[in-house]
Amino acid sequence: MKSRYPSPAPGSQAKPHILLVDDEASITSTLTTFLQLSGFEVSVAQNGEQALETLEQLRPDLIVLDVLMPRLDGRETLRRLRGRGDWTPVILLTQISGTAERIMALEEGADDYLNKPFDPQELVVRIRAVLRRARPGIRTLSSARRLTSGRLMIDRTSRRVFVDGAEIPLTPKAFAILEYLMTHPDEVITRERLLSEIWGWERVVGERVVDTRITELRKALADDPAHPRYVETVAGQGYRFIGDVDEAPT
Amino acid sequence: MISRRWLWLLLPAGLALAGVMLLVRVSYVRSILVFPDDLDVLIIISGLTLAIVAALMLILALVLDHRHQRRLEQMRQAALDEHARFLRRLDHQLKNPLTALHAGLASLALTLNDADQRQTVRTLELEAQRLSRLIFNLRKLADLAAIPLDLEPVDLAAFVSEVVELARDRPDFAARQFAVELPPGPLPPLLGDRDLLLLAVHNLLDNAFKYTRPGDRITLSVEVVEGDVLIRVQDTGIGIPQADLPLVGEELYRGGNTEHIPGDGIGLAVVNAVIAHHDGTVSLNSTLGQGTTVTLRLPLE
């Protein structure tokens, strides 16, 4: 059984410092308490302007950024941040459930996103995962146009997949799964999360549809589920991309 | 306004009258029958006039009818758009308070030591989750009509076996007499969004299992009629009260005889939205206490 109490990030002495940016006082106050209880140090900014101003002195390890704010919204804040070469990891709190908007959020340089309202435990899981794969000062995988892992290469703009330079046909859903797994390498992604991220429906059709597409993906990539190079099944939990993922030159 | 049927009769009647009189005029009949001078010409002209007037009125009626239909369609569309906008606003306004609620309850759960209090917080967390899911589903439903379909040729036989597989996972599967009826020979592929159609038929079967009792029959059948695919789910369950029939397809509405059966009133509304998006129709027949039949009609092309 999963522990109810989130354990502090393994291996780190100092508590990770989170900058929480949201204009809703009720959210910042409750989330601050929860994140502190979960082992983080938390600072708060009420809007994008304030966040950009205080960033220099605060130097947080990660920013949790709301999209809809009156003074400098989250998207614009993110654009300015990345525009000045700051690659502090960002998790966007999005309002819109449309897939197109989510892809846009990632292209603008967010490391991950979470739809409001969310389970706060899930936010902690995401923060830990992003911190784990963050490479200080280097742009994030989730904003890369092309990703490689071994002989595999995906082009996210044209939505095409190549193995050893030869294109592999994939359905849009299977591509979206591969893309999601590759931008979250070494992270166990539950079927439920894939359903809500890619299909947009949670727990409605059942998780079989995810398995069907994973089977398609493995067949296309000639990935043996018993000895996977790319997608591993984590029994009772979900799937994990186990290859090393790097940004490929465009 | 003159009834349409009369106009349809008047048109051939006028033409026939004129025709007969024309025949009378050019044939020898005239020498046998005694006609006052030019009366036949008069009859021909009035017959033709009658036919022309009827034709004009028919055209007018059709045009007015068409306009009326279009206005109705526009009004229906406007109402749907307004409804979708309302759901989006509602969804938007509830997101922040719900986020705060989740965070506050999660913090409380981590700090409370008293077991009773923790149980209370756990209950509140579950309720907040339920509220979030409801809002999420309503929002999704509003978006469903607007999202682009992921069209592909759907192999109906494989589709049906996947739906059945899903049903087999249910704990109450063995307690029903479940049957599948497929026509002999291969079924043509159906162009559609496979996952959304799966969701729709899954929801129908879900309802069939929910609103039947142990021993009841549930039949899933597929047939092709006049270029349309008919997917039918028929059960011998508790049925839907006559007064609820037009309303059960609306979101959050539940039949009067379902109080003891858990449900959120979303399932059939999803079916309606998915099938309408595929230019298909949903028809619902039910007799209280005897069972329900839902038929999805989807165009093959």
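Relevant structure appears above.
First, a word on what this report is: a plain description of the structure on this page. Being a predicted model, the structure only gives us computed values, none of them experimental.

**Focus: the overall build of chain A**
Tallying secondary structure elements over chain A gives 8 helices and 13 strands in all. Among the 250 residues that make up chain A, the fraction classed as buried is 54%. The long-range share in chain A, meaning contacts at least 24 apart out of those at least 6 apart in sequence, stands at 59%. About 11,300 Å² of surface is accessible on chain A, with carbon and sulfur atoms providing 51% of the total.

**Brief notes about the overall build of chain B**
Each helix and strand in chain B was counted, giving 7 helices and 7 strands. Counting from the amino terminus, chain B carries its helices and strands in the arrangement α-α-α-α-β-α-β-β-α-β-β-α-β-β. In terms of C-alpha radius of gyration, chain B reaches 30 Å, well past the compact-globule figure of 19 Å for 301 residues. Structurally, chain B occupies a C-alpha span of about 115 × 50 × 40 Å along its principal axes. Relative to all contacts within chain B whose residues are 6 or more apart in sequence, the contacts with residues 24 or more apart total 68%. Within chain B, one finds 28 positive and 36 negative side-chain charges whose respective centroids are separated by 4 Å.

**Some details on the sheet that holds strand 1 (residues 17-21) of chain A**
Residue and element names in this part refer to chain A. An order of 2-1-3-4-5 is seen for the 5 strands of this open sheet, with the pairing classed as parallel. Every interior strand has two partners, whereas the edge strands, strand 2 (41-45) and strand 5 (112-115), have only one. Taken pair by pair, the neighbouring strands of this sheet meet at an average axis angle of 20°, ignoring direction. Here strand 1 pairs with strand 3 (residues 62-66) via 4 bridges, running parallel.

**Description of the packing of helix 5 (residues 156-168) of chain B against helix 6 (residues 194-210) of chain B**
All names here are of chain B. Axis separation between helix 5 and helix 6 bottoms out at 10 Å; the angle between their running directions is 45°. As the angle between them shows, helix 5 and helix 6 are arranged oblique. For helix 5 against helix 6, the interelement crossing comes out right-handed. Here helix 5 contributes Phe 159, Glu 162, Val 163, Leu 166 and Ala 167 to the contact with helix 6, which in turn contributes Arg 194, Leu 197, Leu 198, Val 201, His 202, Leu 205 and Phe 209. Here the contact of helix 5 with helix 6 is composed, by residue class, of 9 nonpolar, 1 polar and 2 charged.

**Remarks on the packing of helix 7 (residues 191-199) of chain A against helix 8 (residues 208-221) of chain A**
Angle between the axes and distance between the axes are the two parameters that describe a pair of packed helices. Residue and element names in this part refer to chain A. With their axes 9 Å apart at the nearest point, helix 7 and helix 8 run at an angle of 85° to one another. With respect to helix 8, the axis of helix 7 lies roughly perpendicular. Each of Arg 191, Leu 194, Leu 195 and Trp 199 in helix 7 lies in contact with helix 8, whose residues at this interface are Val 209, Val 210, Asp 211 and Arg 213. Counted by class, the contact of helix 7 with helix 8 contains 5 nonpolar, no polar and 3 charged residues.

**Some remarks on the packing of aromatic side chains**
Under the counting rule described, the total for this entry stands at 4 aromatic pairs over all chains. Residues Tyr 230 of chain A and Phe 241 of chain A carry aromatic rings whose centres are separated by 6.1 Å and whose planes lie at 25° to one another, so their mutual orientation is stacked. With Tyr 230 of chain A in the loop between helix 8 and strand 11 (231-234) and Phe 241 of chain A in strand 12 (residues 238-241), this pair connects stretches of sequence that are 11 residues apart. The same class applies to Tyr 230 of chain A and to Phe 241 of chain A, which are both buried. Among the aromatic residues, those joined into a ring-pair cluster are Phe 173, Phe 178 and Phe 209 of chain B.

**With respect to helix 6 of chain B**
Spanning 17 residues, helix 6 of chain B covers 24 Å between terminal C-alpha atoms, matching the ideal 24 Å at 1.5 Å per step. Most of helix 6 of chain B is tucked away, with 15 of its 17 residues classed as buried.

**Some details on the pattern of salt bridges**
A full pass over the atoms with the stated rule returns 38 salt bridges over all chains. For Asp 228 of chain B, the salt bridge goes to Arg 297 of chain B, with nearest N and O atoms at 2.7 Å. Placement of Asp 228 of chain B in strand 5 (residues 228-235) and of Arg 297 of chain B in strand 7 (residues 291-299) is noted, with a sequence separation of 69 residues between them. Taken together, the shared-partner salt bridges connect Lys 173, Arg 213 and Glu 216 of chain A together with Asp 150, Glu 152, Glu 162, Arg 194 and Asp 195 of chain B into one network.

**Overview of the environment of Pro 214 of chain B**
Residues and elements named next belong to chain B. Considering the arrangement of structural elements, one finds Pro 214 in the loop between helix 6 and strand 4 (217-225). Residue Pro 214 is classed as exposed on the basis of its relative accessible area, which comes to 67%. As a C-alpha pair, Pro 214 and Ala 115 span 99 residues in sequence and 39 Å in three-dimensional space. Excluding residues that lie within four positions of it along the chain, Pro 214 makes contacts with Ala 175 and Arg 176.

**Re unusual backbone geometry**
Following Lys 116 of chain A, the chain continues to Pro 117 of chain A via a peptide bond in cis, the omega torsion being -5°. Residue Asp 186 of chain A is not a glycine yet carries a positive backbone phi of 65°. For Asp 186 of chain A, the position within the fold is in the loop between helix 6 (172-183) and strand 10 (189-190). On the basis of relative accessible area, Asp 186 of chain A is assigned to the partly exposed category, the value being 48%. For Asp 279 of chain B, which is not glycine, the phi torsion reads 60° and is therefore positive. Relative to the assigned elements, Asp 279 of chain B resides in the loop between helix 7 (267-277) and strand 6 (281-287).

**Digging into empty space enclosed by the protein**
Residues and elements named next belong to chain A. Taken as a whole, this structure holds 2 cavities of 30 Å³ or more when the rule is applied. Counted as a void, the second largest cavity has a volume near 40 Å³. Every residue along the wall of the second largest cavity is listed here: Ala 51, Leu 52, Leu 55, Ile 63, Leu 65, Thr 77, Leu 81 and Val 90. In terms of residues, the lining of the second largest cavity owes the most to one element, helix 2 (residues 48-58), which gives 3 residues. Grouping the amino acids of the lining of the second largest cavity by side-chain chemistry returns 7 nonpolar, 1 polar and no charged.

Cut-offs used in this document
Residues numbered from 1 in each chain as written. Chains lettered and ligands numbered in written order. Predicted model: local features only at pLDDT ≥ 70, side-chain atom pairs only at ≥ 80, totals over all residues. Heavy atoms only, no water. Helix = DSSP H or I, 4+ residues; strand = E, 2+ residues; numbered from the N terminus. Buried < 20%, exposed > 50% of the residue type's maximum accessible area, 1.4 Å probe, protein only. Contact = heavy atoms within 4.5 Å. Areas by Shrake-Rupley, 256 points an atom, 1.4 Å probe, with all protein chains shown as cover. Rg over C-alpha atoms; globule rule 2.2 N^0.38 Å. Lys, Arg positive; Asp, Glu negative; His and termini not counted. Charge placed at Lys NZ, Arg CZ, Asp CG, Glu CD. Pairing = 2+ DSSP bridges. Axes fitted to C-alpha atoms, helices over the stretch in contact; angles between N-to-C directions. Parallel < 35°, antiparallel > 145°, perpendicular 65-115°, else oblique. Left-handed = near helix turned anticlockwise from the far one by under 90°. Nonpolar A, V, L, I, M, F, W, Y, C, P; charged D, E, K, R; others polar. Phe/Tyr/Trp six-rings, centres within 6.5 Å; stacked < 30°, edge-to-face > 60°. Expected span 1.5 Å × (residues − 1). Salt bridge = Lys/Arg side-chain N within 4 Å of Asp/Glu carboxyl O. 1 Å grid on protein atoms, 1.4 Å probe; cavity = no way out; pocket = protein on both sides within 12 Å on 5 of 7 lines; lining within 4 Å. Points joined across faces, edges and corners; volume = space filled by probe spheres on them.

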